[in-house]
Amino acid sequence: MPEALFHHLPVLQVVLTLVAAPLCALAGSRWAWSIATAASIIAFAITVTLFSSVLDGTVISYHIGGWAPPIGIEYRVDILNAFVLLIVSGIAVLTLIYAQKSVTAEIGSEKHGLFYAAFLLCLTGLMGVAITGDAFNVFVFLEISSLSAYALIATGADRDRRALTAAYNYLIMGTIGATFFVIGLGLLYMLTGTLNMADLAQRLFDHGDNRTLRTGFCFVLIGLTLKLAMFPLHLWLPDAYSRAPSAVTAFLSATATKVMVYVLLRFLFAIFSFSFAFEASVLRVLVLPLAMIGIVVASVVAIFQDDLKRMLAYSSIAQIGYMLLGLALVSQTGVMASIIHLFNHAITKAALFMAAGCFVLQAGTTSIRELRGIGRDMPWTMAAFVVGGLSLIGVPLTVGFISKWYLVEAFIAEGWWPVALLIVASSLLSFAYVWRVVEAAYLRDAPEGVVRKEAPLSMLVPMWTLAGMSIYFGVDSSLTSAAASRAANALIGASNLFWQ
Amino acid sequence: MIISLALYLAIFLPFAATGLLAALDRWPNARDAVSVVTALVSFGLALTVLRGFLGGDGGSFSLLEVMPGLPIVFGVEPLGMVFALLASGLWIVVAIYAIGYMRANEESHQTRFAICFALAIGGALGIAFAGNLFTLFIFYEALTLSTYPLVAHKQTPEARAGARIYLTILLTTSIGFFLPAIIWVWTAAGTLDFFPGGILEGRVDPAVAPLLLALFAYGIGKAALMPFHRWLPAAMVAPTPVSALLHAVAVVKAGVFTLLKVGVYIFGIGYLSHTGASLWLAWVAAASLIISAVIALTKDDLKARLAYSTVSQLAYVTLGVALANQMGIIGGTMQMVMHAMAKITLFMCAGAIYVTTHKTRVSELTGLGRQMPFTFTAFLIASVSIIGLPPLGGAWSKWFLLMGAADAGQTVLIGVLALGSLLSVFYLLPVAGKALFLPPRGANTLVAGDAVIAGISEAPLLCLLPICATALGCVALFFFGNELYAFLLRIPLLAVAREAAP
């Protein structure tokens, strides 16, 4: 690869998908899918290149338009966001391969061009959020991804009119979240006069504790936790995930909230560098209990859902709770557990939502009651679901086990026994909701006169790629745990005065 | 090298066989032949490993590191060797028995049954040869999950409910208690390797050691320590070969085996005895032993009675670990072997009775011995072995456990052990006794137009032969008691040089 091109890789992937989006809209239904898929594959290839070049700890700093930070916008790739980029673009490729059949069945063909355009915009936004080193740029990309996500969810209206209200609710909540976030940024800018993250961190540190900083911190925290659906700010999520088209749900569940968790990590540990007891106590006193309550409440609610997608959506809220638990502990292992769970849950949940999408396509329903006996009709899809389900429970040799192990280890090492026990106890709740499906699928007879065929190969392959990864990285976690532990080290190292 | 290969094959052959079993779905004869041959080869491989072990090279190998410092490793030590031989040896018997039973009952999903069976045995062998607690835990969970379809086999509402209880209790205990205990050990000791003399000395405060032991004792739900024993009676909805192999041998023995391993190689009996951390467990096990024996007395359903008898007999092993001395450990291990051989006979007898007469209640069996003399004689032999009378294998295990209790200076526990045996006389002997020595009465005399059944009508030969084999096995174990004792003396109980500990 020419040196000049290599140098521009950080910006290329964002620009590429951004430019491809209007092309999709122009090309119309016939070519949109191909363009989107090609663009996402190239974006993924770029991400892999970036990831492999930062794996050894180097940090790539790219200056947009040649303007050096803090004046210009900086794209900054380190091990943490390269890891997140890898997740986002990888899931995008798999979802797009999966989407072809699924979207054809669920969305009117006249909308396909716009659908894929919105999909690429969403991808652009998420990658932009992850890659940028500029706080305000985060907000800009956040809005790009959110606005396109509202549109994507609304396209579920062809199958279920309630998708429109779901998208509308998400729009209101998401906008409130974004507003909080941008007000928080405004306060920080007032205080420091800079928006570059590294510069911001340095200047905040020099300023020391003060009321504006605290207010800014709270605004940013609330904005982000709303966007990532922390309990009790999660109300938009169940409707949005269960009404959106299957491919959209698979994509958003694996990427949108995960990127928000990343931003939260970045802000908490790299910008508000925990030189002040205030932030840490907010995390431990407020976020940690809320995460715990969220895990329990959302898991219990999930047990009583009849709709498979809704059940998975509540499960997502619970799983986000685990990520928040890890970071709220404010310890190296805790942050590492959060990061590794971010990856593990992304692949697991995407596989599960893809299985749900296969059921929509072939059985026309996601009601657990009506999916009785599906294990015999759609053995491969259901087997992938079981793999994902076992991973949610945290059975050994699945990625869910790895996450749970590190999380429990982090809390035991700090002597927080009750929380450690709550984590393992809550995985039993996930056992309860997963097993309802397994039992219905395998141990009950199919409803009379229902014919259901196995899902097409183009859907099985991406789904099983993810399910296979859920096993592979559960058996050999060396890559993911190395990446997560280096990222955690970099983050904790970045906080120049680590709160004790 | 060769031994390591045999070890590798012994563990993974059952898993590999599942593919073949699935492919032979449409040829039941070939499929069942594969089951039996796999069982035979597994046992042969286990014997090869034993020979290597006796020759000084037990073989070991490691696969990969799941997490940094946590590899999947396998190795051979005396306890695991005994359990592996037990599981693979009795698999042969049950594989043959299952063919007779499943076909005579015209059960559905026989291929799924054979596959899950092989998976379960693979899980048990993995547990037996696990080289660290982490590996053991993986196979422990694999065993739980692979036996779930076996318990739910009939797919009736009762089977589903039973299987749900089974899975819920086993997963709740293993994830809720066992896993935190493992992570606790990992954070405290920095290793999960099985190490002679234990790894916790000086690393876990003796004050909290009883708590850690409690997490293990209750977390290893397969050991069926009260109050987490409910899964065992619930699992009795499974077809009888499943109850026989899994709930007399593989699953429950995996539980007590894990407990033995944890006692010997994680805590170390030296640590347990000088801190007194396991004293409470001895009393809890004693209570479990007596209470479940009393419950067994009240059960009229034969399999339920056998299930509670199992709960009681498993408590003997737990008690052996809790005594924390050499005789206790040897007695516990022997109890694992002797009880397996006897209980599998009893379950197979129950299955044979069901196949032949479709009777499941103890009260319906009176006088049936004239119709099924071989089955009930085997039942009698196995009952006497469980009670612990010579000349049957069970005598040894009870003997060594009594010695263990005496060594620990626990006179009351000696009484408890004796009372347990006495209770087992009451709940087991009447079954065979009434069948063999009382005249037929009620429905048993009236079959086929009021004609009194004369003559013998036993279960199919494929069911009967395994029963006779294991009944004879109970006798043989009595005469091989000394060899077994000599072998179990090899269990390394004392700490070797500390610096070798990682």
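Structure report, in brief. Quick caveat: nothing in here was measured; it's all calculated off a predicted structure.

Reading the values: rules and limits
Residues numbered from 1 in each chain as written. Chains lettered and ligands numbered in written order. Predicted model: local features only at pLDDT ≥ 70, side-chain atom pairs only at ≥ 80, totals over all residues. Heavy atoms only, no water. Helix = DSSP H or I, 4+ residues; strand = E, 2+ residues; numbered from the N terminus. Rg over C-alpha atoms; globule rule 2.2 N^0.38 Å. Contact = heavy atoms within 4.5 Å. Areas by Shrake-Rupley, 256 points an atom, 1.4 Å probe, with all protein chains shown as cover. Buried < 20%, exposed > 50% of the residue type's maximum accessible area, 1.4 Å probe, protein only. Pairing = 2+ DSSP bridges. Axes fitted to C-alpha atoms, helices over the stretch in contact; angles between N-to-C directions. Left-handed = near helix turned anticlockwise from the far one by under 90°. Nonpolar A, V, L, I, M, F, W, Y, C, P; charged D, E, K, R; others polar. Expected span 1.5 Å × (residues − 1). Patch = residues over 30% accessible without salt bridge, like charges linked within 9 Å, V, L, I, M, F, W, Y side chains within 5 Å. Salt bridge = Lys/Arg side-chain N within 4 Å of Asp/Glu carboxyl O. Buried area = accessible area lost by both parts, 1.4 Å probe. Parallel < 35°, antiparallel > 145°, perpendicular 65-115°, else oblique. Core = buried A, V, L, I, M, F, W, Y, C linked by side-chain atoms within 4.5 Å.

### Comments concerning the overall build of chain B
Argument step 1. Secondary structure assignment for chain B yields 18 helices and two strands.
Argument step 2. A compact globule built from 502 residues should have a C-alpha radius of gyration of about 23 Å, and chain B, at 22 Å, falls within 12% of that.
Argument step 3. In terms of overall dimensions, chain B has C-alpha extents of about 80 × 55 × 45 Å along its principal axes.
Argument step 4. Considering only intrachain contacts with a sequence separation of at least 6, the fraction spanning at least 24 residues in chain B is 82%.
Argument step 5. Summing over all exposed atoms, chain B offers an accessible surface of approximately 16300 Å²; the carbon and sulfur share of this is 69%.

### Focus on the environment of Val282(A)
Residues and elements named next belong to chain A.
Argument step 1. When you line up the elements, Val282 lands in helix H12 (residues 277-303).
Argument step 2. Linking Val282 and Thr37, residues 245 residues apart in sequence, is a C-alpha distance of 42 Å.
Argument step 3. With near-sequence residues (within four places) excluded, Val282 lies in contact with Phe217, Leu221 and Val287.

### Notes on the pairing of strand E2 (residues 70-75) of chain B
Along any regular strand the residues' side chains alternate between the sheet's two faces.
Residues and elements named next belong to chain B.
Argument step 1. Counting buried residues along E2, six of its six residues qualify, which places the element largely inside the surrounding structure.
Argument step 2. The two faces of E2 match: Leu70, Ile72 and Phe74 on one face and Pro71, Val73 and Gly75 on the other face are all buried.
Argument step 3. Two strands pair when backbone bridges link them, and strand E1 (residues 60-67) and E2 are joined in this way by five bridges, in the antiparallel orientation. Counted as the bridge partner of Phe61 is Phe74 from E2.

### Some words on the packing of helix H10 (residues 236-243) of chain A against helix H11 (residues 246-271) of chain A
All names here are of chain A.
Argument step 1. Packing of H10 against H11 brings their axes to within 8 Å, and their N-to-C directions diverge by 145°. Regarding H10 and H11, the two cross each other, and that crossing is right-handed. Between H10 and H11, the residues in contact are Trp236, Leu237 and Tyr241 and Thr249, Leu252, Ser253 and Thr257, respectively.
Argument step 2. Of the residues that constitute the contact of H10 with H11, the class distribution is four nonpolar, three polar and no charged.

### Observations regarding the side chain of Gln335(B)
Argument step 1. Along the chain, the position of Gln335(B) falls in helix H13 (residues 326-357).
Argument step 2. Excluding anything up to four places from it in sequence, Gln335(B) contacts Gln313(B), Tyr316(B), Val317(B), Ala340(B), Ser397(B), Lys398(B) and Leu401(B).

### Details of helix H2 (residues 9-27) of chain A
Argument step 1. In a regular helix each residue adds 1.5 Å, so 19 residues correspond to 27 Å; H2(A) covers 26 Å between its end C-alpha atoms and thus fits that length.
Argument step 2. Listed in full, the buried residues belonging to H2(A) are Leu9(A), Pro10(A), Val11(A), Gln13(A), Val14(A), Thr17(A), Ala20(A), Ala21(A) and Cys24(A).

### Some points on a nonpolar patch on the surface
Residues and elements named next belong to chain A.
Argument step 1. Taken together, Val15, Leu18, Val19, Leu23 and Leu26 make up a surface patch of nonpolar side chains, about 460 Å² in accessible area.
Argument step 2. Structurally, the position occupied by Val15 is in helix H2.
Argument step 3. Note on Val15: relative accessible area 39%, which makes it partly exposed.

### With respect to the interface of chain A and chain B
Argument step 1. Each partner contributes residues to the interface: chain A has 30 residues there, and chain B has 32 residues.
Argument step 2. When the two sides are added together, the surface that chain A and chain B hide from each other amounts to roughly 2800 Å², 75% of it contributed by carbon and sulfur.
Argument step 3. In this assembly, chain A and chain B are joined by one salt bridge.
Argument step 4. One salt bridge in this structure joins Glu439(A) and Arg164(B), with 2.7 Å as the shortest N-O distance.

### Thoughts on unusual backbone geometry
Argument step 1. For the bond from Phe231(A) to Pro232(A), the omega torsion is 0°, close enough to zero to count as cis.
Argument step 2. Secondary-structure assignment places Pro232(A) in the loop between helix H9 (211-227) and H10.
Argument step 3. Cis geometry marks the peptide bond from Pro390(B) to Pro391(B); its omega dihedral reads 5°.
Argument step 4. A positive phi is found at Gln155(B), a non-glycine position, where the angle reads about 60°.
Argument step 5. Mapped onto the secondary structure, Gln155(B) falls in the loop between helix H5 (133-151) and helix H6 (157-189).
Argument step 6. Judged by its relative accessible area of 13%, Gln155(B) falls in the buried class.
Argument step 7. Positive phi values are uncommon outside glycine, yet Ala324(B) reaches one of about 55°.

### Some remarks on the packing of H13(B) against helix H15 (residues 394-407) of chain B
All names here are of chain B.
Argument step 1. Remark: H13 packs on H15, axes separated minimally by 8 Å, with the N-to-C direction vectors making an angle of 160°. When the axis of H13 is compared with that of H15, the two are roughly antiparallel. Relative to H15, the crossing made by H13 is left-handed. Between H13, through Met327, Gly328, Ile330, Gly331, Gly332, Met334, Gln335 and Met338, and H15, the contact on the second element is made entirely by Gly394, Trp396, Ser397, Lys398, Phe400, Leu401, Met403, Gly404 and Asp407.
Argument step 2. Each residue belonging to the contact of H13 with H15 can be placed in one class, and the counts come to eight nonpolar, seven polar and two charged.

### Overview of the pattern of salt bridges
Residues and elements named next belong to chain A.
Argument step 1. Scanning the entire structure with this criterion turns up 13 salt bridges over all chains.
Argument step 2. Salt-bridge contacts for Asp239 lead to Arg310; the nearest nitrogen and oxygen are separated by 2.9 Å. Of this pair, Asp239 sits in helix H10 while Arg310 sits in helix H13 (residues 308-328), and the two are 71 residues apart along the sequence.
Argument step 3. Residue classification places Arg310 among the buried positions, given a relative accessible area of 18%.
Argument step 4. Connected via shared salt-bridge partners are Asp239, Arg243 and Arg310.

### Quick look at the nonpolar core
Argument step 1. In terms of nonpolar packing, the biggest core is built from 400 residues, with Phe267(A), Trp405(A), Trp435(A), Phe129(B), Leu200(B), Phe216(B) and Leu245(B) touching the most fellow members.
Argument step 2. Beyond its immediate chain neighbours, meaning those up to four positions away, Phe129(B) contacts Leu7(B), Ala10(B), Ile11(B), Val49(B), Val73(B), Phe74(B), Gly75(B), Val76(B), Met81(B) and Ala84(B).

### Points about H13(A)
Argument step 1. With 21 residues, H13(A) ought to run about 30 Å at 1.5 Å a step, and its terminal C-alpha atoms sit 30 Å apart, in line with that.
Argument step 2. Of all 21 residues in H13(A), 21 are buried, a share of seventy percent or more.

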